[in-house]
Amino acid sequence: MKLLSQAALLRGTVATSALALSSLGLLAAPAYAQAAPQVAEETPAPAEDATIVVTGSLLRRADTATPSPVTVIGAENLQRAGVTNMADAIRQASADGAGSIGIGFTSGFSAGGSAVSLRNLGVSSTLVLVDGLRSANFPLSDDGHNSYVDLSSIPQVAVERVEVLKDGASSTYGADAIGGVVNIIMRKKFTGLEGGAEAGVSEQGDGQKYRAHLLAGYGDYNSQGWNVYIGGEYEKGGKVTAKSRGFPFDTLDLRAIGGKDNNRADDTLTSPTTNAVVTRVTQTNLNNPLAGSVANATSPALFTSLTPLSACPFGTFTENTASRVGTACAHDLTREYVQILPKQERYAAIGRFSFRVGDNVEGYLAGSYSHNKVDITLLPRGIRQNQAFGGSPSTSTSNPGIVLPVWICPSGVDCANPATPGRTLNPNNPYAAAYANNPAAGAARIYYLFGDVKSGSVRTNELYRITGGLRGTIADAWNWNLEAGYSRDDLKLVQTGFANLNGLVKAINTGSYNFVNPSLNSQAVRDSVLPPITSLSNSEEATVDASVSRSLFTLPGGDLQVAVGGQYRKEKLTNRSANPNLDVPGLSTAQAYGNRDVWAAYFEVDAPILDTLEVNASGRYDHYSEGFSHFSPKFGAKFQPIKELAIRGTYSEGFRAPTFAEIDPRSSFSGFVGYTPGAAFQAAHPNNAAYSSTYSVGRGFVGNPDIQPETSRSFTLGAVFQPTSKISFTVDYFNVKKNGLVTAGPLAGDAIKAYYSVAGQSFASAAAASAAGCAAVAKVGAGYSCNVIDGADPFALSALPRLLVVNAPYVNSDYDLTSGLQFGANAQFDLAPDIQWLSRLDLQATLKYDRHLDNGDVQRFTGTVGPADLSSGGGTPKWRGNWQNTLVLGQFSLTATTYYVGAMKGVAADQGNLDTSCAATLYGGGPAFCKIKRFIYADLNASFEVNENFNFFMFVGNVTNAGAPLYANTLYTTQPNYLASWHLPGLIGRTFRAGANFKF
């Protein structure tokens, strides 16, 4: 009944995409998913008398329908849907769920990368292969500890097909294949020349996109015994800003629709902006700008704008309360700086040489190189930041903040001493003249964001890959295969906009940095205070794999086949900290190191017991140099009582090896998420509106060498119905239990809540209040403690200060239980001699995604934005899918690909509240800000073949200009009021591209 109800609901959404498909006359129900094509044939069709190896198996076979569900996406399907890179192609599979990483998430640890998370199990539980071999991981870990292959770095120009195995596959591939496997298969041979070029832009004139590709091959393999090809591609994408898309995606002020005003930059003098304001305080050490008092010199505090009010770019605001008095420049920083999509540039090259050694031996040598550059702009960094994780709290530039002294001098040392050469009153301090003789009482606490230096990063990722192999037969019985591969991923990360503490202190004491008019600062001064910070990281993967297989004897259903093999892998990671000296407040100290050897042995047996029954068994033993081992078995069966129907099922066990970030004690990171303190805390700080808004709280972690692998149990049960050779339907149920989760502080949310649980109590001082809060944190569990506490609120000196960073442990705890249904359909209808209709459907329903905690609590994520601590906080839509329809009219074809993301709720059970009703919405404000509407949009692609050598096409993305649904996002305010994982096309809006392709 639930499925029927959902289908009825989906039929009710036809109107939103009818315009996209009206020219086809095909839309009887909407399609589902989100930004690219997907499902092609359930299994690839081999050439006549040919055998192939399907992902998840070691054995060559003519009957490609295996017990495991495998979806195949052909290059033609990608072209019809207008997909131009592998990141878009793979991430839009309906099986891609919670934890998926897209290029639109620009504030994450591994921003700039792109990854897929099959069956909601996370990017580190999804294995990505290229031609069956592993590739080096992106050198930055997602969420500080999850590893993945960057999809943006895989060339598309030579892709033949993509096979997506939606089943556990550790029995064949080892670690990390719990959620499934994506195997990107390149062309083995190519002769001729083909290429193309295209260009496009959004309807609003931004988000420009340019692409060119070329592939050339020579050599007739059948007659000459060799073939070689080389190809290249180039793609460039323009940025899209939040300002260009307007309300509500350009502001945190949602009062116009009944929401909250979380933009404090236009009404609160203590909210820093790019136009500095100051208030007078005392300074205990005149040589140290960090030695300003927490208390204000006056009550109410009198604030002065350093920028002349007539020069404020967006007008002014005034506060006149019992605690603060002053006028300053008004800002909406979201509108001014946030980007929905960053600038990106990609180019890649690939080549392959295939050769025949003799009648029974053939080999290949292949290589590729990719270059991916992402230019990210973020909100300007504040002069007041919390100290780096692991640093001393004495270096903190949060409360009490930074002060500007009365006197400055060329040396920056002992400037208040009349004997110091060159000393002068500080032009940045408006109180300097009045307190020239009492400098300790004339310091100016400054509230400021560095707006004269771009805040953000440029991430340049280069992936090198070389593989080779030989295969053949012995005595027409044994098939053998030997392959080796090496890949290296180099990342250059250049971050800008962070103030080096030593440089900042010197610039303040010497007066070299102009806070009154920052535009007058020279580049040399800016570089001395906010130098570009470059960090280099790399990862390596080397593999040698050998296997043999043969048919042993004949069973009633065919030959019993067996395969055995072994593998050796070498994995390395050097992820250097961008802040090794801990002298850049606010800059991440994330680092990860590791070097491991992996040995494995594996087998597979396939037994067609009857014409109607096939049974398959496989297993693999992996041993890691860190000292742990694991055996992964798998069993599958396919029963086909009639030609038109096959029943299939599998049972498997698998594991995920701890990443280097999780297991190596040299590794560490601190992650920050948004948190809004409760009513008691806000009531204790009545005179500081900034304390009622969302702020970033950090969680710090260090690699734990005692961490063990995660383990899994998975089973699938499904059916393939093929009434004719041109129509097929599939449905598969999956159920996965992942045990011993390597969890980064599973009770971190509880720890933060515990700290703030004392906010309603009375204390003699802020220190006493924080001590009580930290004692409550320690009671949450072993390894939980306060790392950094903010200074006291200048307007509530004895109230509980903010918690800035909490320590939390890596532990093997809890288990995830995930289940769902996957649907697929493929049809080809020959309507007339020159008229065809092709239709393909890919749909997933997540029935359950529950996290069972060791304390007995259950966090339920399906249909919510939980788990919010995972990747971009995109959540777990219950329904996701896509439907592609192509109408071929002779030389003209028109393809409509429609995508669907189901409705969700703005609640997350991993944020300290197990309630998933709208009463627990993270934003508050009731159901209006709880329910995230379903999102449907459609792409159109029209193509005309001039002749067999040329074709032209026109692509319209999001043809109905469907808008992204509202989500008042409090956890990632750099995604203002939307979810980047699923709704990005609705932010970009309607787009246009046109191009031409040729083939000779």
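Shown above is the structure to which this text applies.
This structure is a prediction, so every number in the text was calculated from the model and none was measured.

Thoughts on the overall build of the protein
Assigned secondary structure in the protein consists of 15 helices and 46 strands. Taking 30 Å as the expected radius of gyration for a compact globule of 1000 residues, we find that the protein reaches 30 Å, a close match to that expectation. The C-alpha extent of the protein, read off along each of the three principal axes, is 100 × 60 × 55 Å. Counting all 1000 residues of the protein, 61% fall into the buried class. Considering only contacts within the protein whose residues lie at least 6 apart along the sequence, 72% involve residues at least 24 apart. If you sum the accessible surface of the protein, you get close to 35,600 Å²; carbon and sulfur atoms cover 57% of it. Across the protein, the 76 positively charged side chains and the 80 negatively charged ones have centroids separated by 5 Å.

Here we look at the sheet that holds strand E32 (residues 695-702)
Read from one edge to the other, the open sheet built from four strands follows the order E31-E32-E36-E35, with strand pairing classed as mixed. Two strands bound the open sheet, and with one partner strand each, they are strand E31 (668-675) and strand E35 (785-789). Averaged over all pairs of adjacent strands, the angle between strand axes in this sheet comes to 25 degrees, irrespective of strand direction. By the bridge criterion, three bridges tie E32 to strand E36 (residues 803-807) in an arrangement that is parallel. Bridged to arginine 699 within E36 is valine 806. Its contacts with the sheet put helix H14 (residues 766-778) on E35 and E36, and the angle it makes with E35 is roughly 145 degrees.

Quick word on the packing of aromatic side chains
Evaluation of the coordinates by the stated rule reveals 30 aromatic pairs. An angle of 20 degrees between the planes, with centres 4.7 Å apart, marks the rings of tyrosine 624 and phenylalanine 628 as stacked. Here tyrosine 624 matches phenylalanine 628 in class, with each residue buried. Judged by centre distance (6.3 Å) and plane angle (20 degrees), the ring pair of phenylalanine 721 and phenylalanine 729 falls under stacked. Overall, phenylalanine 729 belongs to the partly exposed group, its relative accessible area being 40%. What links up through ring pairs into an aromatic cluster is the set Tyr675, Phe681, Tyr691, Tyr755 and Tyr756. Here the basic side chain of lysine 260 rests over the ring of tyrosine 923, its NZ or CZ set 5.2 Å away from the ring centre. Positioned over the ring face of tyrosine 815 is lysine 737, at 4.4 Å from the centre of the ring.

Comments concerning the environment of alanine 169
Note that alanine 169 resides in the loop between strand E6 (159-165) and helix H5 (170-173). Among all residues touching alanine 169, those that are not within four sequence positions of it are Gly174, Ala177 and Val181.

A look at the environment of alanine 507
Along the chain, alanine 507 turns up in helix H9 (residues 501-510). Relative accessible area serves as the criterion here: at 2%, alanine 507 is assigned to the buried category. Separated by 18 residues in the primary sequence, alanine 507 and valine 525 have C-alpha atoms spaced 8.0 Å apart. Excluding its chain neighbours within four sequence positions, the residues that come into contact with alanine 507 are Ser512, Tyr513 and Val529.

A word on the side chain of glutamate 571
With respect to the secondary-structure elements, glutamate 571 resides in strand E26 (residues 558-575). A polar contact is formed between the side chain of glutamate 571 and the side chain of arginine 569, at a distance of 3.0 Å. If we ignore the near neighbours within four places in the chain, the residues touching glutamate 571 are Arg134, Glu540, Glu541, Gly594, Asn595, Arg596 and Phe660.

Points about the sheet that holds strand E7 (residues 180-186)
Across the sheet, five strands lie side by side as E3-E6-E7-E4-E5; this open sheet has mixed pairing. Among the strands making up the open sheet, the edge pair consists of strand E3 (70-74) and strand E5 (133-134). As paired elements, strand E4 (residues 126-130) and E7 share five bridges and run parallel to each other. Note that in E7 the partner of leucine 129 across the bridge is asparagine 183.

Here's the deal with a nonpolar patch on the surface
A contiguous nonpolar patch, built from Leu193, Leu214, Leu889, Phe892, Phe944, Val946, Phe950, Phe952 and Phe1000 and spanning about 780 Å² of accessible area, is present on the exposed surface. By the secondary structure assignment, leucine 889 is in strand E40 (residues 879-889).

Let's talk about unusual backbone geometry
A cis amide bond links phenylalanine 247 to the next residue, proline 248, at an omega of 5 degrees. Mapped onto the elements of the fold, proline 248 is located in the loop between helix H7 (242-245) and strand E12 (277-281). Across the junction of glycine 866 and proline 867, the peptide omega takes the value -5 degrees, indicating a cis bond. Position of proline 867 relative to the elements: it lies in the loop between strand E39 (858-860) and E40. Located in the positive-phi region is asparagine 120, a residue other than glycine, with phi close to 70 degrees. Inspection of the secondary structure assignment puts asparagine 120 in the loop between helix H4 (86-91) and E4. Phi at aspartate 814 is positive, roughly 65 degrees, even though this residue is not glycine. Mapped onto the elements, aspartate 814 comes out in strand E37 (residues 810-832).

Concerning the pattern of salt bridges
Considering all chains together, one arrives at 42 salt bridges under this definition. The partner of arginine 990 in a salt bridge is glutamate 203, with the nearest N and O atoms 2.4 Å apart. Note that arginine 990 is positioned in the loop between helix H15 (980-988) and strand E46 (991-999) and glutamate 203 in the loop between strand E8 (192-202) and strand E9 (209-218), a separation of 787 residues in sequence. Its salt-bridge partner being aspartate 375, residue lysine 454 comes within 2.3 Å of it at the nearest N-O pair. Of this pair, lysine 454 sits in the loop between strand E22 (443-447) and strand E23 (456-474) while aspartate 375 sits in strand E18 (residues 361-377), and the two are 79 residues apart along the sequence. Given the relative accessible area of 34%, lysine 454 is considered partly exposed. One network of salt bridges, in which partners are shared, links Asp253, Arg255, Asp261, Arg264 and Asp267.

Description of the pairing of strand E17 (residues 343-358)
Alignment of strand E10 (residues 226-237) against E17, held across twelve bridges, turns out to be antiparallel. Within E17, the position partnered with tryptophan 226 by the bridge is phenylalanine 355. Across 15 bridges, E17 lies against E18 in antiparallel orientation. Note that in E18 the partner of glycine 351 across the bridge is glycine 367. Hairpin connection from E17 to E18: two residues lie between these consecutive antiparallel strands.

Thresholds, definitions, all that
Residues numbered from 1 in each chain as written. Predicted model: local features only at pLDDT ≥ 70, side-chain atom pairs only at ≥ 80, totals over all residues. Heavy atoms only, no water. Helix = DSSP H or I, 4+ residues; strand = E, 2+ residues; numbered from the N terminus. Rg over C-alpha atoms; globule rule 2.2 N^0.38 Å. Buried < 20%, exposed > 50% of the residue type's maximum accessible area, 1.4 Å probe, protein only. Contact = heavy atoms within 4.5 Å. Areas by Shrake-Rupley, 256 points an atom, 1.4 Å probe, with all protein chains shown as cover. Lys, Arg positive; Asp, Glu negative; His and termini not counted. Charge placed at Lys NZ, Arg CZ, Asp CG, Glu CD. Pairing = 2+ DSSP bridges. Axes fitted to C-alpha atoms, helices over the stretch in contact; angles between N-to-C directions. Phe/Tyr/Trp six-rings, centres within 6.5 Å; stacked < 30°, edge-to-face > 60°. Lys NZ or Arg CZ within 6 Å of the ring centre and 35° of its normal. Polar contact = N/O pair within 3.5 Å; in protein donor to acceptor, adjacent residues only side chain to side chain. Patch = residues over 30% accessible without salt bridge, like charges linked within 9 Å, V, L, I, M, F, W, Y side chains within 5 Å. Salt bridge = Lys/Arg side-chain N within 4 Å of Asp/Glu carboxyl O.

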